[in-house]
Amino acid sequence: MNISINKEECIKCKKCISVCIKDIFTYNGEIEINNEDECIECGHCLAYCPTNSVIHSSFPKTKVHNISRENIPNSNDLMELIKSRRSTRVFSKNLIPDETLKTIIEAAHRAPTAKNKQLVEFTIITNKEILSEISTYTVSVFSKIAKKLNNPFIKSIAKPFASEVYNLLPSFLSMQEKFKNGEDIILREATALLLIHSEKNRFAIQDANLAYQNASLMAESMGIGQFYTGFIIAAIDNDNRKNYLSNKLGIKGNIYAGMALGIPKFSYSKYIDKKDISINWIK
Ligand SMILES: Cc1cc2nc3c(=O)[nH]c(=O)nc-3n(C[C@H](O)[C@H](O)[C@H](O)COP(=O)(O)O)c2cc1C
């Protein structure tokens, strides 16, 4: 990593000093660079510099872009998008164009990550057989758990202590039943599955879910339906064969979030209010 200042252009406004969380810039008559190896490559120094005087080896000119603020949706437009986003329950058989999927994934990739590590990776599955195998895998994990819970010996010991899990038993059994009858309650006939994964790290789950939310809003803005594949993630978490699905799909690391995607079968024209908001405002 190499960072320097174009001293001819620098107007010594010191914004780079203020925005750098690693104290890489100091002022001693002019801007000086220290400990550049500590840089987390967030690019704030370049984004704020009014004279393009920061020269950074990670960010050649092609990676620095002017923002057209007039293209940013205003708060009303953004709120309308947020209110309109739903978890799609029924998908049509029509396929999502590849370019649309790429845009959704780019939106996910642009989400913030802890320490700007950017370890989040994406796998998009549009292969019908593999999608079906993932639904089958998910149901099989829950079926195994249901079988264990129903074992009379385990039941007699565990039920008093694990009432929460036992409350879920009927839904595991009904999931199994519906799947047997040909209803895809896991992917709901979605034509694509976006898996968000990374190597294990302290904020991996948070990073994945922030990526998810960027993608879900982008999908909604493009008329693409999505829902969070909680069953798949729960199956992965509860499968005692560690990284079974990751390994099957050739994914390195852990899967932390999943998004079923498809063209919605029905359109809707109303948004429905959530429960009353609760804000604990400490002033
Ligand atoms: C962590 C999480 C897991 C979810 N898992 C599933 C799921 O497995 N299947 C599904 O159809 N919807 C799933 N959902 C969608 C919720 O049911 C949905 O967000 C909720 O009912 C509110 O509806 P809305 O998203 O349309 O506002 C999940 C949502 C979240 C946040």
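Residues numbered from 1 in each chain as written. Predicted model: local features only at pLDDT ≥ 70, side-chain atom pairs only at ≥ 80, totals over all residues. Heavy atoms only, no water.

Trainee: Which parts of the structure should I look at to understand the nonpolar core?
Mentor: One broad trend across soluble globular proteins is that nonpolar side chains are buried collectively. Counting 30 residues, the largest nonpolar core has Leu-193 and Ile-232 as its most contacted members. Among the elements of the structure, helix H5 (128-150), helix H7 (163-180), strand E6 (192-198), helix H9 (230-238) and strand E8 (254-262) are those that each provide at least two residues to this core. (Core = buried A, V, L, I, M, F, W, Y, C linked by side-chain atoms within 4.5 Å. Buried < 20%, exposed > 50% of the residue type's maximum accessible area, 1.4 Å probe, protein only. Helix = DSSP H or I, 4+ residues; strand = E, 2+ residues; numbered from the N terminus.)

Trainee: How should I be thinking about the pairing of E8 in this particular structure?
Mentor: Burial analysis of E8 places nine of its nine residues in the buried class, which makes it a mostly covered element. Here strand E7 (residues 225-228) pairs with E8 via four bridges, running antiparallel. If you follow Phe-227 over to E8, its bridge partner there is Ala-260. (Pairing = 2+ DSSP bridges.)

Trainee: So what exactly am I meant to see when it comes to the site of the ligand here?
Mentor: Around the ligand, the structure places Arg-85, Arg-86, Ser-87, Arg-89, Arg-188, Phe-227, Tyr-228, Thr-229, Gly-230, Phe-231 and Lys-274. Tyr-228 places a main-chain nitrogen or oxygen 2.9 Å from a nitrogen atom of the ligand. At 3.0 Å, a backbone N or O of Gly-230 approaches a nitrogen atom of the ligand. Here the ligand has 620 Å² of accessible area as a free molecule, and 62% of this is covered by the chains. Of all elements in the fold, only E7 and H9 reach the threshold of two or more residues within the shell around the ligand. Across the shell around the ligand, the residue classes break down as three nonpolar, three polar and five charged. (Near = heavy atom within 4 Å. Polar contact = N/O pair within 3.5 Å; in protein donor to acceptor, adjacent residues only side chain to side chain. Areas by Shrake-Rupley, 256 points an atom, 1.4 Å probe, with all protein chains shown as cover. Nonpolar A, V, L, I, M, F, W, Y, C, P; charged D, E, K, R; others polar.)

Trainee: Which parts of the structure should I look at to understand unusual backbone geometry?
Mentor: With the exception of glycine, most residues fall at negative phi, and the peptide bonds are largely trans. Even without being glycine, Asn-116 reaches a positive phi, approximately 55 degrees. Residue placement: Asn-116 occurs in the loop between helix H4 (98-109) and strand E5 (121-125). A positive phi angle, near 60 degrees, is found at Asn-243, a position not held by glycine. Residue Asn-243 is classed as partly exposed on the basis of its relative accessible area of 27%.

Trainee: How should I be thinking about the packing of aromatic side chains in this particular structure?
Mentor: Both the distance between ring centres and the angle between the ring planes are used here to describe each pair of aromatic rings. Here the structure, examined in full by the defined rule, presents five aromatic pairs. Centroid distance Phe-142 to Phe-172: 5.0 Å. Interplanar angle 45 degrees. Geometry classified as tilted. Of this pair, Phe-142 sits in helix H5 while Phe-172 sits in helix H7; the two residues are 30 residues apart in sequence, bridging distant segments of the chain. The pair Phe-142 / Phe-172 is uniform in exposure class, with both members buried. Both rings, one in Phe-142 and one in Phe-231, keep their centres 5.9 Å apart while their planes meet at 80 degrees; by these two values the pair is edge-to-face. Taken together, the residues span a long stretch of sequence, with Phe-142 in helix H5 and Phe-231 in helix H9 at a distance of 89 residues. When its relative accessible area of 5% is taken as the criterion, Phe-142 is described as buried. The class of Phe-231 is partly exposed, set by a relative accessible area of 41%. (Phe/Tyr/Trp six-rings, centres within 6.5 Å; stacked < 30°, edge-to-face > 60°.)

Trainee: Got a minute to help me understand the domain arrangement of the chain in this structure?
Mentor: By a frequent convention, interface size equals the accessible area lost on bringing the separate parts together. For the chain, the assigned domains read domain 1 (3-63) and domain 2 (78-269). Taking only C-alpha atoms, the centre of domain 1 and the centre of domain 2 are 41 Å apart. (Domains from an automatic or database assignment.)

Trainee: Looking at this structure, I do not really get helix H8 (residues 204-221). What am I missing?
Mentor: Here H8 contains 18 residues, and its C-alpha end-to-end distance of 26 Å stays within 8% of the 26 Å for a straight helix at 1.5 Å per residue. Within H8 the residues assigned to the buried category are Ala-204, Asp-207, Ala-208, Ala-211, Tyr-212, Ala-215, Ser-216, Leu-217, Ala-219 and Glu-220. If you follow the buried residues of H8, they end up packed against helix H3 (75-84), H4, E5, E6, E7 and E8. At the C-terminal side of H8, Gly-223 shows a positive phi close to 75 degrees. (Expected span 1.5 Å × (residues − 1). Contact = heavy atoms within 4.5 Å.)

Trainee: Sorry, what's going on with the pattern of salt bridges here?
Mentor: Pairing between side chains of opposite charge can happen when their charged atoms approach one another. Within this structure, the stated rule accounts for four salt bridges. Between Glu-30 and Lys-7 there is a salt bridge; the shortest N-O distance is 3.3 Å. Of this pair, Glu-30 sits in the loop between strand E2 (25-27) and strand E3 (31-33) while Lys-7 sits in the loop between strand E1 (3-5) and helix H1 (15-19), and the two are 23 residues apart along the sequence. Accessibility expressed as a relative area gives 48% for Lys-7, which makes it partly exposed. Measuring nitrogen to oxygen at the nearest pair gives 2.8 Å for the salt bridge that ties Arg-110 to Glu-106. For Arg-110, a relative accessible area of 61% corresponds to the exposed category. (Salt bridge = Lys/Arg side-chain N within 4 Å of Asp/Glu carboxyl O.)

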